[in-house]
Amino acid sequence: MDADFDIVIVGSGPAGVSAAFPLVEAGLRVLMVDGGEQTNIAPPMQSFLDARIQDKEQWKWMIGEDFHALQMREAVSPKLRAPAHEFVFRNFSTLNRVEGRDFAAIGSLAPGGLSNAWGCGVARLSDAELAQFPFPSSDIFKSYKVVARRIGVSGANDDDLSEYFGLDPWAQPPIALDAAHQSLYANYTKQRKKLAPLGFRLGRSRVAVLSDEHAGRKACNNSSNCLWGCARRALYNAADEIAMLRQFENFQYESGLVVGDIQRVGKHWSVCGIQKEGNVCRSATGRKILLAAGTLATTRLALRLLKSSNPVRLLSCPTAAFLLWMPRMFGAARTSGFGLGQLSFSLAIQDTISGFGSTFATTGIPVAEFACHLPLRRRYGVDLLKNLLSSCLVGNLFLPGHLSNNKAVLNEDGSLHLEGAYSESVSGLLGDAAARLRKAYWQLGAFLLPMSFTVGRPGGDIHYAGTLPMRKKPDSGETDLMGALYGFSGVHIVDGACLPALSEKSHTLTVMANADRIARALALQWHGIQK
Ligand SMILES: Cc1cc2nc3c(=O)[nH]c(=O)nc-3n(C[C@H](O)[C@H](O)[C@H](O)COP(=O)(O)OP(=O)(O)OC[C@H]3O[C@@H](n4cnc5c(N)ncnc54)[C@H](O)[C@@H]3O)c2cc1C
């Protein structure tokens, strides 16, 4: 009996679509299944500030007709509170049976996955970082280039972070800085020598956001709507690429199928699950299965296949957030601008440990987001911040993933239990990082507001990886350099779950490049076998 398809890909997020392109281009019959269903939530058309003044119905998109924003008090990112993104996270934990203790277990059941709501920060790993991977670093460089050019990346290629970001010089020009970031950057260009001993380097953020038109998408118009959705599709979203894949006759896409199991059927593999429409069991067979359901969902599917209840390590980056005040900007009007990371920094902290972070404008983020951190009554806090926020920037900081001690284990009832913890050195490292950032930004005319440096919960970074790590000589529960699960030839892991290491840098471009690398190698192998 022949399989229905050559390859079945589970998941249509950044990893799934990146794996799909080389396979369909090579002529293979590919089925992509996704547990999410398409939604048609229109992103705001006016700029954020105009809509806040003029739109009488704004409560609907600010809070949600079902009061979504008010129910999400524990949200780790304001993106999880924005009603327009509610569909991205809806039902993920219930239908994938994932639960966290002391761990923010965030995942998506929506076409395009978490890229519907991500921060678009991109970076390439260096040769030194890739030394922890089981293949030569040159094997992934072509894939970095292919993916970055396909999705569209903007950012300068001649600043102090060019080498750190390591992207090819093709990037589109950076998106315009707002006045506060312009002032920071102008100071940095004068003072960079004084900041070098602190290990602080500043540069334009590299983001998967268009500053020029690309592949039918429009350039960013600085509307401050990034948090709420981009009507121009300037922000990369994997869901946009499903339509491109559908133009290939040998590609088929099925939404609403939540895969719960993978089984061997003779020589082939079958994905089985519940089709949400009609609540019926469905399956499809492939000669190979590629798991791209996002690290958490993929880990559960793989552990079920392995029938393993041994705990596995789950990498994620310890994080912190802070608020900067720039006295020079006090009294300036709030203006529209780009809502994601505008400037980024790398910070050498101790020996071989670096931190990475970006700063964001406060326009486009509801004031209430900050008021909860002030030691004032909410009413006074909001009044104070309304006056202060146009002279403030929000910053984040990520440490490398090996500093987390999270664990994932498959319960007897088939659910995935996650437990979060940071390693003991994290509080010292974050204290050191806060002190260095305070000094560096002071030198640039910005004041790190006291009590604003807050450490995030384990899992709050949403950069999950490493549960089924790639090894040169894999063992049970590990994958080979093609992402094949040891003992289950034909089942390949192509998302963050197979990354063996997680640096402090944004990791999604690496997830995508690795998926492209694996799929490219599979396509080559396939045609070799057919000859
Ligand atoms: C607020 C926020 C900000 C972020 N910022 C950044 C950033 O700036 N830079 C960065 O690098 N990363 C960032 N990330 C992380 C980034 O979004 C993820 O790393 C990336 O989306 C992972 O891609 P993926 O394809 O592996 O998984 P996902 O994006 O999670 O996609 C998984 C896909 O699988 C489907 N699926 C899940 N379970 C099943 C199932 N059982 N059956 C069938 N289909 C299933 C889902 O519907 C989805 O389409 C951010 C994430 C969030 C939420």
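On a predicted model such as this, the values are computed, not experimentally measured, just so you know.

Chemist: Please provide a residue-by-residue account of the overall build of the protein, values included.
Modeler: A tally of helices and strands in the protein yields 16 helices and 18 strands. For 531 residues, the compact-globule estimate of 2.2 N^0.38 gives 24 Å, and the C-alpha radius of gyration of the protein, at 23 Å, lies within 12% of that figure. The 531 residues of the protein split such that 61% are buried. A sequence separation of at least 24 residues applies to 73% of the contacts in the protein between residues at least 6 apart. Treating the 55 positive side-chain charges of the protein as one cloud and the 47 negative ones as another, the clouds have centres 4 Å apart.

Chemist: So what's going on with the pattern of salt bridges? Residues and values would help.
Modeler: For the structure on display, the rule yields 19 salt bridges. Taking the shortest distance from any N to any O, the salt bridge between Asp6 and Arg287 comes out at 3.6 Å. Of this pair, Asp6 sits in strand 1 (residues 5-10) while Arg287 sits in strand 8 (residues 280-291), and the two are 281 residues apart along the sequence. Among the ionic pairs, Arg97 bridges to Asp413, the shortest N-O distance being 4.0 Å. A residue pair is termed long-range when its members are at least 10 positions apart, and Arg97 in the loop between helix 6 (92-96) and strand 3 (98-101) and Asp413 in the loop between strand 14 (406-410) and strand 15 (416-419) qualify at 316 residues. Given the relative accessible area of 34%, Arg97 is considered partly exposed. Look at the salt bridges and you will find they share partners, linking Asp2, Asp6, Arg29 and Arg287 into a network.

Chemist: Would you mind going over the site of the ligand in detail, with residue names and values included?
Modeler: Taken together, 37 residues lie near the ligand, and Asp34, Asn96, Ala110, Leu114 and Thr508 sit nearest. One nitrogen or oxygen atom from the main chain of Leu114 is found 2.8 Å from an oxygen atom belonging to the ligand. Considered on its own, the ligand offers 1,000 Å² of accessible surface; in the complex 95% of this is hidden by protein. When contributions to the shell around the ligand are tallied by element, the ones reaching two or more residues are helix 1 (14-25) and strand 6 (257-265). Counting residues per element, the shell around the ligand draws most heavily on strand 6, which supplies three residues. Class assignment of the residues belonging to the shell around the ligand gives a composition of 16 nonpolar, 18 polar and three charged.

Chemist: A description of the packing of helix 10 (residues 179-195) against helix 15 (residues 426-443) should follow, citing residues and the corresponding values.
Modeler: Contact geometry for helix 10 and helix 15: axes closest at 9 Å, N-to-C directions at 120°. Judged by the inter-axis angle, helix 10 sits oblique to helix 15. Note on element contacts: helix 15 touches helix 10 through Ala440, Tyr441 and Gln443, opposite Leu184, Gln191, Lys194 and Leu195.

Chemist: Describe the nonpolar core, with residues and values.
Modeler: Membership of the largest hydrophobic core comes to 112 residues, with the highest contact counts inside it found for Ile9, Leu23, Val209 and Leu418. Residue contributions to this core peak at ten residues, all from helix 16 (residues 508-530). Every residue in contact with Ile9, bar those within four places of it in the chain, is listed here: Gly16, Ala19, Ala20, Leu23, Val30, Leu31, Met32, Val33, Leu290 and Ala292. Residues Ala180, Leu399, Leu403 and Val426 belong to the second largest nonpolar core, which totals 36 residues.

Chemist: Account for helix 14 (residues 378-388), with residues named and values stated.
Modeler: Of the residues making up helix 14, those classed as buried are Gly381, Leu385 and Leu388. The buried residues of helix 14 occupy an angular sector of 60° when projected down its axis, which confines them to one face. Opposite its buried face, helix 14 presents the exposed residues Arg379, Lys386 and Asn387, each directed more than 90 degrees away. Among the structural elements, strand 10 (319-325), helix 13 (368-371) and strand 13 (392-398) are those in contact with the buried residues of helix 14.

Chemist: Give a description of the sheet that holds strand 14 that names residues and reports values.
Modeler: Backbone-to-backbone hydrogen bonds join strands into a sheet, with any given pair of strands oriented parallel or antiparallel. One open sheet accounts for four strands, arranged 3-15-14-9; its pairing is mixed. One side of each edge strand has no neighbouring strand; the edge strands of this open sheet are strand 3 and strand 9 (312-314). Here the average twist between neighbouring strands, direction ignored, is 30°. As paired elements, strand 14 and strand 15 share four bridges and run antiparallel to each other.

Chemist: Talk me through the packing of aromatic side chains; I want residue IDs and the actual numbers.
Modeler: Counted according to the given criterion, the structure contains 20 aromatic pairs. With a centroid separation of 6.2 Å and an interplanar angle of 70°, the aromatic rings of Phe48 and Trp61 are classed as edge-to-face. Of this pair, Phe48 sits in helix 2 (residues 48-54) while Trp61 sits in helix 3 (residues 58-62); the two residues are 13 residues apart in sequence, bridging distant segments of the chain. You can call Phe48 buried: its relative accessible area is 2%. Through a chain of ring-to-ring contacts, three or more aromatic side chains come together here, namely Tyr185, Tyr188, Phe200, Phe322, Phe345, Tyr441 and Phe453.

Chemist: Before we move on, could you go through the pairing of strand 12 (residues 353-361) and cite the residues and values that matter?
Modeler: Across the nine residues that make up strand 12, a large majority, eight, are buried. Pairing of strand 11 (residues 343-350) with strand 12, which is carried by seven bridges, proceeds in the antiparallel orientation. When the sheet's bridge partners are listed, Ala348 is paired in strand 12 with Ser354. Adjacent in sequence and paired antiparallel, strand 11 and strand 12 are bridged by two residues, among which Asp351 carries a positive phi angle near 35°. Judged from the four bridges that link them, strand 12 and strand 13 form a sheet pairing that is antiparallel. Note on strand 13: the bridge partner recorded for Phe360 is Val394.

Chemist: Before we move on, can you summarise the packing of helix 1 against helix 11 (residues 238-245) with the specific residues and values?
Modeler: Their axes nearest at 9 Å, the elements helix 1 and helix 11 cross at an angle of 20°. The pairing of helix 1 with helix 11 is recorded here as roughly parallel in orientation. With respect to the hand of their crossing, helix 1 and helix 11 are arranged in left-handed fashion. Where helix 1 approaches helix 11, its residues Pro14, Val17, Ala20, Phe21 and Val24 are matched on the opposing element by Ala238, Glu241, Ile242, Met244 and Leu245. A class-by-class count of the residues in the contact of helix 1 with helix 11 yields nine nonpolar, no polar and one charged.

Chemist: Mind laying out helix 10, listing which residues take part and the relevant values?
Modeler: When the local axis directions of helix 10 are compared, the greatest deviation, roughly 55°, occurs at Thr189. Buried within helix 10 are the following residues: Ala180, His181, Ser183, Leu184, Tyr185, Asn187, Tyr188, Gln191 and Leu195. Contacts made by the buried residues of helix 10 are with strand 4 (200-204), strand 11, strand 12, strand 13 and helix 15.

What counts and what doesn't
- Residues numbered from 1 in each chain as written.
- Predicted model: local features only at pLDDT ≥ 70, side-chain atom pairs only at ≥ 80, totals over all residues.
- Heavy atoms only, no water.
- Helix = DSSP H or I, 4+ residues; strand = E, 2+ residues; numbered from the N terminus.
- Rg over C-alpha atoms; globule rule 2.2 N^0.38 Å.
- Buried < 20%, exposed > 50% of the residue type's maximum accessible area, 1.4 Å probe, protein only.
- Contact = heavy atoms within 4.5 Å.
- Lys, Arg positive; Asp, Glu negative; His and termini not counted.
- Charge placed at Lys NZ, Arg CZ, Asp CG, Glu CD.
- Salt bridge = Lys/Arg side-chain N within 4 Å of Asp/Glu carboxyl O.
- Near = heavy atom within 4 Å.
- Polar contact = N/O pair within 3.5 Å; in protein donor to acceptor, adjacent residues only side chain to side chain.
- Areas by Shrake-Rupley, 256 points an atom, 1.4 Å probe, with all protein chains shown as cover.
- Nonpolar A, V, L, I, M, F, W, Y, C, P; charged D, E, K, R; others polar.
- Axes fitted to C-alpha atoms, helices over the stretch in contact; angles between N-to-C directions.
- Parallel < 35°, antiparallel > 145°, perpendicular 65-115°, else oblique.
- Core = buried A, V, L, I, M, F, W, Y, C linked by side-chain atoms within 4.5 Å.
- Arc of directions from axis to C-beta.
- Pairing = 2+ DSSP bridges.
- Phe/Tyr/Trp six-rings, centres within 6.5 Å; stacked < 30°, edge-to-face > 60°.
- Left-handed = near helix turned anticlockwise from the far one by under 90°.
- Bend = angle between axes of the 7 residues up to and from the residue.

Structural measurements only, silent on function.
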